[in-house]
Structure formats: structure tokens, C-alpha cells
Amino acid sequence: MIEVKNLTKRYGDKRAVNDISFKVEKGEILGFLGPNGAGKSTTMNMLTGYISSTSGQILINGTDILEDPKKAKSNIGYLPEIPPLYVDMTVEGYLNFMFDLKKCKLPRKAHLKDVCDLCKISDVRKRLIKNLSKGYRQRVGLAQALINNPPVLILDEPTVGLDPNQIIEIRTLIKKLGKRHTVILSSHILPEIQAVCDRIIIINKGVVAADGTADEIAKSITNEHKMTLRIEGTTHTASDKKEIADAIRSLSGIKYVRADMEREKGIYDFDVETDGKTDVRRAINKLCSEKGWNILMLQLSDLTLEDIFLKITMGEQLVHDEAEQKKERPKINIVLEEAHAPETEDDENNGGEQ
Amino acid sequence: MGAIYRREMGAFFTSGLAYVFLAVFYIFSGYYFYNEVIASGYTDTSPLFRNMFKIVLFLIPILTMRLLSEEKKTRTDQGLLTAPIGLWEIVLGKYLAALTIFIIAESIIFVYAVILAYLGQVVWATLLGNYFAMLLLGAAFIAVGVFISSLTENQMTAAVFSMAVLFFLYLFDSFSDRFSWQWLADLVTQLSFYNRYVEFTQGIFNLTSVLFYISTAFLFNFFTVRVLEKRRWS
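Here is what the cut-offs are and how they apply
- Counting of residues starts from 1 at the beginning of each chain's written sequence and follows it residue by residue.
- Ligands are numbered from 1 and chains lettered from A, in the order in which they are written.
- Per-residue local features are limited, in this predicted model, to residues with pLDDT of at least 70; the limit for side-chain atom pairs, both in listing and counting, is 80 or more; totals at the level of whole chains, interfaces and linings are taken over all residues.
- By the criteria applied, helices consist of DSSP H or I runs no shorter than four residues and strands consist of E runs no shorter than two, each listed in order from the N terminus.
- Counting other C-beta atoms within 10 Å of its own, a residue is labelled buried from 20 upward, exposed at 12 or fewer, and partly exposed in the gap between, with every C-beta atom placed from the backbone.
- Any two residues are considered in contact once their C-beta atoms, placed from the backbone, lie within 7 Å.
- With C-alpha atoms as the basis for the radius of gyration, the globule rule is written as 2.2 Å multiplied by the number of residues raised to the power 0.38.
- The term nonpolar core means buried Ala, Val, Leu, Ile, Met, Phe, Trp, Tyr and Cys residues held together as one set by C-beta atoms within 7 Å.
- Criterion used throughout: strands pair if DSSP finds at least two bridges between them.
- Following the grouping adopted for this structure description, the nonpolar residues are Ala, Val, Leu, Ile, Met, Phe, Trp, Tyr, Cys and Pro, the charged ones are Asp, Glu, Lys and Arg, and the polar ones are all others, Gly among them.
- For every element, the axis is a line fit to its C-alpha atoms; helices are fit only across the contacting stretch, and the angle between N-to-C directions ranges from 0 to 180 degrees.
- Working note: the arc is built from the helix axis to C-beta atom directions.
- pLDDT measures how confident the predictor is about each residue, on a scale from 0 to 100.

In this structure, what is going on with the overall build of chain A? I would like to understand it.
Counting secondary structure elements, chain A contains 14 helices and 14 strands. Out of the 354 residues belonging to chain A, those deemed buried represent 38%. If you take every contact in chain A between residues at least 6 apart in sequence, the share linking residues at least 24 apart comes to 69%.

Now the structure itself:
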């Protein structure tokens, strides 16, 4: 559906996008992830023909965007970072304008009604865009992209500035759209990408740093396997902690054990890292039942997208700081846990960004 | 092109710009119509048109200033440039919308003609010649204004810069007798917007002048397209 080959964009000496290649198949939802300034928007602007590439090729549905821009563009619905809204028009007037602009042949009334219903803006159709809230504007922007049912949807940070409920709505909508359209969506918000996308491309400093599903990316960059254990000792004294840690450490296949804080009286958390080949869960269970300890929690914590992202985007630095990090691990783990708790909490964080 | 044309026409009226433009145009043309035509006792409309040159020169930049600059500023150009339409369609849609407003303004002359017809004998050939001359002038100046609007993100910059450029074009031929080389003086006279315009108002229909204005309009629209094209490549 979309094929990008060796795409490069140079601004003077600076390479904003450097030799990016990827393919997106029909019906796939691809997430572009990267820190601010990584080249996400530049890439999307090239994909949609807003700016040209310095070198490389973009094929939309088999059509080169530079050779036959009109045909290629007619296959794309684009929601830029700032929705291209004429604020002195009504929603209806604006959508009618976009309908004409895209030379849409579908039945006007029915199609616009569908799009408005889908984006939940039917109740504001008669209102001026300048009087709409940010959330509504974003949805009008999305509606505009959906006009003419383009097979490819390119959405640049579609949930920026929305409140938590709206974010969930938009995500659900994008997932729904992903069934009929090929979607490329960019974000620097990790949970969003994870929640919506089938496949992720991490862009950093203008190059593709990783490409695949979250799991594939995780596997490709690490062979660590971590879990968190919560165990209740027998004596309820401080000696439990050391005893348990030592006992687990002595099991085969365990690379690393670190006792964490005391959660409740006599109950401790342990971060355990295995060699990745041995499944130690049963061994741990057996050990505990022999010693009379109670396992209150066992949680596998494979690398989260957050870990991957940090690892990739801050790559070398992270390796240098590896030693430091091991010492500080409890702190980091807590942060990750918080950041990765239930979805609603992430949404609140995102919503707070407005 | 149709979509952009209709949107711009709507925007001219919803923003009130069209009303301001028309009002100011009618005030000045009315003043000159009364002072130069009615009061003189002749039905010759040429003095009215000669005087309107300077007014048009300052009014057209108001009409064209936001056409492309605002698109760039509000990033709505992303919507236009990623739509399946060509750059010419975008530029011409906007250009023709501004030209339409100008034609609406200029057509007030037919109201004056009716008044004149009531008072005396109207020389329709001169009047239509004048009307046509101003139309050509507007077509050329609007193209210049749209071009300047494409160069900046700021409406005011576009307006002031356009006024300066149009004023320079107006004064252009006054340089001709400053040159010692005859060919250069001739060239400057040939490129004078004002001389050609005055020639029309005197009732002389010169095909070269028609071509001159039309090619200026075409050239500047072409430049505008190039500016939009270049922005993509930079």
C-alpha cells in the first residue's frame, strides 16, 4: 500500500530524515514513534506530498507521489499536526469545501453525515470552527481526512490536546478505521502507540531505529527476562529478606536477584532476572512451598515499550550508565510501574499535556 | 479550482473585507464621478477612471494581502497542498476570487452610466473602453498582489509591500527622462502601467496594451505558482 525507499530530506547541512525505508501493508496500523524533532512530521509531510524529498521514493498504492501527485494524493487522507481548519467557517461549510477540494464523487449529504457521525461532530455542524474546543477541532480535522474514504490515512499526533475520554474515543475510532484503511499514525506517547498500532517504527535522529511489533522490537534488542516476586517470609523479621533472596539466587537459571522494599510487614518484593532460557517460575514455587513462604505475586515484566524506547533513543548513553543504573534500579522500576499502570492513568497523563 | 474560488468568495464576505473594499471603492469613485464628471457638465467618464488609478493602487493590496499569507500562517496550506489538486488551481482559484470582487466594485460604473444617460448622451464606446482598461489593470495588479502575498506569512507585510510595488509601477515612467540612453528611456515608457492606462481612457484601444496587462497577470500568477513549488523543495 505504501512503500518508502531510501527517503532522505536535507535542510541545508542538516539531515532531518536520513535514508528511511519501510513498507506498510493494506489494513495495517503503523505507529511512528520518536522523540520530538526525530523526523516524524517531516516524514509524514513527505508521504503526503506537502514537501518533497531530497532523495528517495514514495509509492502510495503503486503511484509515485512526485510523478503523479494528484493520483497519489487522492489516495491519502491527512491530518497534520495542526489541523488545517479555516476558523471563520462553520464545520459544515468547511467539510463541504474539503469535499469539493478532494473532488469527491460520493453522494455529498450521506457521505458528510457518515463522516460527522463517525467523528461525533454532528452536534456542532452549524457552529463556527473558531468557537469549538480543541477536542472538537481535532475531530473536525480527522473528519476532513476521512472525506472521500481514502485508502490511506496519515495522522500526525491525532490525540494531542484531547482530554482522557476523547483520547480513548479517538483511539477506538482509529482502531475501527484500521479495519478498512491503512493507517500511519505518529506519536511520542508510548501507551498510545502500544494501544492502537499493529506495528511500530521507532524513528530517532532521522533514521529508523527499530521496526516491528512491540514484542519483536523487544526481542531484537534484549535477551533479558525479568520478573517481580512478592513473598511473605515465615518469621516476619528482617532476616527473611536476605534468606529469601539468597535461596532464589541459588536456583539454576537465575542471573540476578535484588530485594526491594518491604511492602507490608514481613512481605518483600524481589526483582529477579533470568537467563531467558529457563522458566524458573515452577522452581520458585517449589522452593517457597518447601520453606513455608507464601508467594503473593509473581509478575513477568518483559521490557516495556518505554524501556525499549529509552534504550533505543538514548542508546549509547544507557550502556555507559549501565553500572549506575543497576544501583538505582529500584527507583527506575517504580517509575516504570507507575507510568505503565492501567490505561486510564496514562490517559490522564496525556491529557495533562494540553 | 471551483472549491477554492467559492471558499475565497465566502471568506471575502464573512470577513467583511469585501464590504470594506466595495465601500471604499464606491466612496472614491462616487466622489470622482460627481467632481470630475457631473460637476464638469460633460458625460465623459475618462477623468473618473484616470483618478481611480491611484485609488485602485492602494485598494488592491487590501484585497490580496491575506490570500496566501494567511494560509501559510495558519498552516491551512497543508490542507490545500496535500489535496489532489494542482498548484495552478490553488493560485487561480484565489486570483479569480479577488478579481471577481474587483469586477463587482468596478461595475458601479454602469450605475453611473445610467445616471449619465438620464442627464445627457453617454459615449458608450469610451465608457466600455474605460471599464475594460480598469479591468485589465486590476487583473495585472491583483496578480502582483497575490504573488507578494505568497512571499510572506504576515498580511500587513504583504499589504504594505504590495502598495509600495504598485506605487513604484505607477511612478515607473517618470524615470524615463532621467536616462541618457534613448533605448532605456523607451523601454521604461513601454513598461509603464499608467501611460497605457491613460491611453485607454482617452479612447484609444491598443492591442499591445491589452497583451501587456494580460501577460503581466499571467507572469505574476506563474511566479506565485513557482513560489509555492519552491517552498516544497526547500
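Additional details are given in the paragraphs that follow.
I would appreciate a short explanation of the overall build of chain B in the present structure.
Per the secondary structure count, chain B includes 11 helices and zero strands. Along the chain direction, N to C, the helices and strands of chain B fall in the order α-α-α-α-α-α-α-α-α-α-α. Compactness check: chain B gives a C-alpha radius of gyration of 19 Å against a globular reference of 17 Å for 234 residues, within 12% of the reference. Along the first, second and third principal axes, the C-alpha set of chain B runs to 55 × 50 × 30 Å. Classification of the 234 residues of chain B by burial places 39% in the buried group. Taking the intrachain contacts of chain B between residues at least 6 apart in sequence as the baseline, contacts between residues at least 24 apart amount to 77%.

Explain the nonpolar core to me, please; I cannot follow it from the model alone.
Most often, soluble globular proteins keep nonpolar side chains buried together rather than apart. Counting 134 residues, the largest nonpolar core has B:Ala98, B:Leu137, B:Ile142 and B:Ala143 as its most contacted members. When sequence neighbours within four positions are dropped, the list of residues in contact with B:Ala98 reads B:Leu63, B:Thr64, B:Leu67, B:Ile142 and B:Val146. If you look at the next biggest cluster of nonpolar residues, it comprises nine residues, including A:Leu229, A:Ile244, A:Ile248 and A:Ile284.

Can you walk me through the sheet that holds strand 5 (residues 63-64) of chain A in this structure?
Sheet strands associate in pairs through backbone hydrogen bonding, adopting either a parallel or an antiparallel arrangement. All names here are of chain A. The strand order across the open sheet formed by four strands is 2-1-4-5, and the pairing between neighbours is antiparallel. Whereas interior strands pair on both sides, the edge strands pair on one side only; in this sheet they are strand 2 (14-24) and strand 5. Taken together, the two bridges between strand 4 (residues 55-60) and strand 5 define a ladder with antiparallel strand orientation. Looking at the pairing, Leu59 lines up with Asp64 of strand 5.

Which parts of the structure should I look at to understand the interface of chain A and chain B?
How big an interface is tends to be stated in terms of accessible area lost as the parts join. Residue-level contacts link 21 residues of chain A with 18 residues of chain B. Looking at the side of chain A that touches chain B, the elements with two or more residues in it are helix 2 (69-73), strand 6 (76-79) and helix 3 (91-101) of chain A. Considering every element that reaches the side of chain A that touches chain B, the biggest residue donor is helix 3 of chain A, with three residues. Here the residues of the side of chain A that touches chain B sort into 11 nonpolar, four polar and six charged.

What is the right way to look at the sheet that holds strand 6 of chain A in this model?
Residues and elements named next belong to chain A. One open sheet accounts for six strands, arranged 6-7-8-3-9-10; its pairing is mixed. Of all the strands in the sheet, just strand 6 and strand 10 (207-212) have a single pairing partner and so form its edges. Mean inter-strand twist for the sheet, computed between neighbouring axes without regard to direction, equals 15°. The pairing of strand 7 (residues 152-156) with strand 8 (residues 182-187) spans five bridges and is classified as parallel. In the strand pairing of strand 8, Ile154 is matched with Ile184. Across the sheet, helix 5 (residues 134-146) touches strand 6 and strand 7, and the angle it forms with strand 6 is around 165°.

Quick question: what am I supposed to make of helix 9 (residues 239-249) of chain A here?
Within an α-helix, residues lying three or four positions from one another point in the same direction, as the helix has 3.6 residues per turn. Residues and elements named next belong to chain A. By the burial criterion, the buried members of helix 9 are Asp240, Lys241, Ile244 and Ile248. Projected down its long axis, helix 9 carries its buried residues within an arc of 100°, all on one side. Of the residues in helix 9, the exposed ones pointing more than 90 degrees away from the buried face are Ser239, Lys242 and Asp246.

Would you mind going over unusual backbone geometry with me for this structure?
Both trends apply: most residues other than glycine have a negative phi, and most peptide bonds are in trans. Although it is not a glycine, A:Lys120 adopts a positive phi angle of roughly 55°. Counting through the fold element by element, A:Lys120 comes out in the loop between helix 4 (108-119) and helix 5. Residue A:Lys120 is classed as partly exposed on the basis of its C-beta count, with 17 C-beta atoms lying within 10 Å. In this structure, B:Arg75 is a non-glycine residue whose phi angle is positive, near 65°. Secondary-structure assignment places B:Arg75 in the loop between helix 3 (46-73) and helix 4 (77-81).

Would you explain the confidence of the model for chain A in this entry?
As a note on interpretation, predicted positions should not be read in detail where pLDDT is low. Residues and elements named next belong to chain A. Looking at chain A, the pLDDT average stands at 81 and 84% of residues meet or exceed 70. By mean pLDDT, helix 14 (residues 343-351) is the weakest element of chain A at 42, and helix 3 is the strongest at 95. Predicted confidence for residues 325-354 stays below pLDDT 50, and this span has 28 contacts to residues more than four positions away or in other chains.

Can you help me understand the environment of A:Val87 in this one?
Residues and elements named next belong to chain A. Structurally, Val87 is set in the loop between strand 6 and helix 3. Its 13 C-beta neighbours within 10 Å are what place Val87 among the partly exposed residues. Taking the C-alpha atoms as reference points, Val87 and Asn149, separated by 62 residues in sequence, lie 24 Å from one another. Sequence-distant contacts of Val87, that is, excluding residues within four places in its chain, are made with Ile129 and Lys130.

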